[in-house]
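Summary of the model geometry
Listed below, chain by chain, are the residues.
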Amino acid sequence: MSEFGGSGNWSAADASAAVKAYLALLHDRITAAVEAVDGGKFRCDAWHRPEGGGGETRVLTDGAVFERAGIGFSHVFGAKMPQSASNQRPEIGGAPFEALGLSLVFHPRNPYAPTTHANVRFLIASPQTGPAVWWFGGGFDLTPYYPFDEDVLHWHLTARAACLPFGDGLYEKFKTWCDRYFFLPHRNETRGVGGLFFDDLNDGGFERSFGVMKSVGDHFLPAYMPILERRKAHAYGEREREFQLYRRGRYVEFNLIYDRGTLFGLQSGGRSESILMSLPPRVRWEYDWRPAPGSPEARLYEAFLKPRDYLAEFA
């Protein structure tokens with residue numbers, strides 16, 4: 001058995017090549033789906049990192065459906081693992097590393113169409129003593145401004161479907177992890193209605209862990225696109241638009257203060273434009289703003305910005 005575990009004789013190079021091939025196909029599939037629904041085209045920027053590796057960032061701006069949609073692939077190498085990726089594994093702090101990932105954030109123009117984020121990634125650390133250390137991470141989450149129960153139910157049903165082939169309890173574990181991760185302590189609220197999040201995954205060997213990551217990646221479009229189709233043409237006015245811009249501020253706060261992917265990219269010397277393309281193109285803040293009691297905006301605060309068992313409550 002190799003250091004990657006499982007039934008296959010996987011080397012670090014073989015594992016990296018398999019993940020890279022999958023991520024390249026996923027990049028193209030999601031790009032095609034977005035262009036088909038929006039009608040616009042992505043700007044594609046290939047970039048290279050002086051310390052090793054590079055990637056490709058694809059950004060669609062001011063489209064018919066998306067105010068901004070960004071999808072970034074990266075495959076980078078470094079001489080020293082960033083602190084953000086080694087907090088849970090102090091033995092690899094400062095070790096040479098290889099990281100592959102695909103990350104996306106979509107900001108639709110319509111306030112009734114939710115913002116969404118997805119990420120899948122693979123890291124290998126090579127300490128001077130001992131075998132290579134590797135793990136997968138990823139997930140997807142939904143940030144509605146005007147939530148619909150049927151949308152939230154569909155999102156979580158699809159998230160559970162992504163986990164079911166890998167045993168009972170995995171959806172519940174990843175869902176709880178997502179609720180904890182996408183939480184803004186200084187606001188005492190979740191960023192949205194959650195979904196899936198996992199990190200440091202290498203249980204059961206490479207094939208199983210890779211399978212989990214692929215299932216999460218493959219279920220993103222079935223989770224999001226039906227919601228987008230239902231809400232992209234919903235009528236809205238200035239009030240809804242202003243609320244969307246205000247709530248986008250929470251997205252900015254989380255990404256710049258807490259998000260491990262953002263911190264990893266910045267600490268590893270990644271391309272700033274690619275890392276920060278996740279931020280919305282327009283946003284606003286108000287001092288001590290509060291929604292009017294009984295308003296649709298208040299419903300978001302009262303019913304959705306806290307962990308809930310949506311499958312039990314909405315099914």
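Here is a short report on the structure shown in this document. (Residues numbered from 1 in each chain as written. Predicted model: local features only at pLDDT ≥ 70, side-chain atom pairs only at ≥ 80, totals over all residues. Heavy atoms only, no water.)

Observations concerning the overall build of the chain
For the record, the criterion: Counting from the N terminus, the helices are DSSP H or I runs at least four residues long and the strands are E runs at least two residues long. Every radius of gyration here is taken over C-alpha atoms, with the globule rule written as 2.2 Å times N^0.38, N being the number of residues. Relative accessible area decides the class of each residue, using a 1.4 Å probe on protein chains only: under 20% of the type maximum gives buried, over 50% gives exposed, and in between gives partly exposed. The contact criterion used throughout is that any non-hydrogen atoms of two residues lie within 4.5 Å. For accessible areas, the Shrake-Rupley method is used with a probe of radius 1.4 Å. Any residue's cover is judged against the shown protein chains and nothing else. Positive charges come from Lys and Arg alone, negative charges from Asp and Glu alone, with His and the N- and C-terminal ends not counted. For the purpose of locating charges, the reference atoms are NZ of Lys, CZ of Arg, CG of Asp and CD of Glu.
The number of helices and strands found in the chain is 10 helices and 9 strands. Relative to the globule expectation of 20 Å for 315 residues, the C-alpha radius of gyration of the chain, 19 Å, shows essentially globular dimensions. Overall size of the chain, expressed as C-alpha extent along the three principal axes, is 60 × 40 × 40 Å. Counting all 315 residues of the chain, 57% fall into the buried class. Long-range contacts, defined as pairs at least 24 residues apart, comprise 70% of the intrachain contacts of the chain with a sequence gap of at least 6. Taken as a whole, the chain presents about 13,400 Å² of accessible surface, with 54% of it coming from carbon and sulfur. If the 35 positive side-chain charges of the chain are averaged to one point and the 38 negative ones to another, these points end up 2 Å apart.

Quick word on the nonpolar core
Nonpolar side chains in soluble globular proteins tend to be buried together. Inclusion rule: In plain words, nonpolar cores are sets of buried Ala, Val, Leu, Ile, Met, Phe, Trp, Tyr and Cys residues tied together by side-chain atoms within 4.5 Å.
Counting 64 residues, the largest nonpolar core has Ile30, Phe66, Phe106, Phe136 and Phe220 as the members making the most contacts within it. With residues up to four places along the chain from it excluded, the contact list for Phe66 reads Val34, Val37, Asp38, Leu60, Thr61, Phe106, His107, Pro108, Arg109, Tyr224 and Leu228. Core analysis: the next-biggest nonpolar cluster, separate from the first, contains 12 residues, Val76, Met81, Ala95 and Ala99 among them.

Some thoughts on the sheet that holds strand 1 (residues 43–48)
To keep things clear, this is the line we draw: Between any two strands, at least two bridges found by DSSP are needed for them to pair. The axes are straight lines fitted to the C-alpha atoms, using for helices just the contacting stretch, and the angles between their N-to-C directions are given from 0 to 180°.
Spatially, 1-2-3-4-5-6-9 is the arrangement adopted by the 7 strands of the open sheet, whose pairing is antiparallel. Looking at strand neighbours, the two that pair on one side only are strand 1 and strand 9 (194–201), the edges of this open sheet. With direction set aside, neighbouring strand axes in the sheet form an average angle of 5°. Pairing of strand 6 (residues 133–143) with strand 9, which is carried by 6 bridges, proceeds in the antiparallel orientation. Counted as the bridge partner of Phe140 is Leu196 from strand 9. Lying over the sheet, helix 6 (residues 238–257) contacts strand 3 (66–78), strand 4 (97–108), strand 5 (115–125) and strand 6, oriented at roughly 165° with respect to strand 4.

Overview of the environment of His117
By the secondary structure assignment, His117 is in strand 5. Judged by relative accessible area, which is 12%, His117 ranks as buried. Taking the C-alpha atoms as reference, His117 lies 5.6 Å from Phe140; in sequence the two are 23 residues apart. Not counting residues within four places of it along the chain, the set of residues in contact with His117 comprises Ser103, Leu104, Val105, Gly139, Phe140, Asp141, Phe182, Arg191 and Tyr251.

Quick notes on helix 6
Heads up, the condition is: By definition here, a helix of n residues has an expected span of 1.5 Å times n minus one.
With 20 residues, helix 6 should cover 28 Å at 1.5 Å per step; its first-to-last C-alpha distance of 29 Å lies within 8% of that length. Burial analysis of helix 6 places 15 of its 20 residues in the buried class, which makes it a mostly covered element.

Structural notes on the pairing of strand 6
Of all the 11 residues making up strand 6, 11 are buried; the element is thus mostly covered by neighbouring parts of the structure. Burial along strand 6 is two-sided: the face carrying Val133, Trp135, Gly137, Gly139, Asp141 and Thr143 and the face carrying Trp134, Phe136, Gly138, Phe140 and Leu142 are both buried.

Some remarks on the packing of aromatic side chains
Put simply, the rule reads: Centres within 6.5 Å are what make two rings of Phe, Tyr or Trp a pair, Trp counting through its six-membered ring; a difference in plane orientation under 30 degrees is then read as stacked, over 60 as edge-to-face, and the rest as tilted. Note on criteria: charge over ring means Lys NZ or Arg CZ within 6 Å of the ring centre, with the direction from the centre no more than 35 degrees off the ring normal.
Evaluated as defined, the whole model comprises 35 aromatic pairs. With a centroid separation of 4.1 Å and an interplanar angle of 5°, the aromatic rings of Tyr181 and Phe197 are classed as stacked. Of this pair, Tyr181 sits in helix 4 (residues 170–181) while Phe197 sits in strand 9, and the two are 16 residues apart along the sequence. The aromatic ring of Phe148 is capped on one face by Arg231, whose charged end is 3.6 Å from the ring centroid. Arg308 extends its terminal NZ or CZ atom over the ring of Phe304, reaching a point 5.4 Å from the ring centre.

A closer look at unusual backbone geometry
Positive phi, close to 55°, is recorded for Asp62, a residue that is not glycine. Structurally, Asp62 can be placed in the loop between strand 2 (53–61) and strand 3. Despite not being glycine, Asp200 has its phi angle at roughly 55°, a positive value. Along the chain, the position of Asp200 falls in strand 9.

Observations regarding the side chain of Asp141
Keep this limit in mind: Any pair of nitrogen or oxygen atoms within 3.5 Å is treated as a polar contact; in protein, a donor-acceptor pairing is required on top of that, and neighbouring residues in sequence qualify only through side-chain atoms on both sides.
Summarising the element assignment, Asp141 is placed in strand 6. Classification of Asp141 by relative accessible area gives buried; the value is 2%. At 2.9 Å, the side chain of Asp141 forms a polar contact with the side chain of Arg191. Ignoring any residue separated from it by four or fewer positions in sequence, one finds Asp141 in contact with Thr116, His117, Trp155, Cys178, Phe182, Arg191 and Gly194.

Digging into the packing of helix 3 (residues 149–163) against helix 4
Packed helices, taken two at a time, are described by the angle between their axes plus the distance between the axes. Rules: Convention used here: angles under 35 degrees read as roughly parallel, angles over 145 as roughly antiparallel, angles from 65 to 115 as roughly perpendicular, and any remaining angle as oblique. Rotating anticlockwise by less than a right angle from the far helix to the near helix defines a left-handed crossing, while the corresponding clockwise rotation defines a right-handed one. Amino acids are sorted into nonpolar (Ala, Val, Leu, Ile, Met, Phe, Trp, Tyr, Cys and Pro), charged (Asp, Glu, Lys and Arg) and polar (every other residue, Gly among them).
Packing of helix 3 against helix 4 leaves a shortest axis separation of 8 Å and a crossing angle of 125°. The orientation of helix 3 relative to helix 4 falls into the category oblique. Read as a crossing pair, helix 3 and helix 4 show a hand that is right-handed. Residue-level contacts link His156, Ala159, Arg160 and Cys163 of helix 3 to Leu170, Tyr171, Phe174 and Lys175 of helix 4. A class-by-class count of the residues in the contact of helix 3 with helix 4 yields 5 nonpolar, 1 polar and 2 charged.

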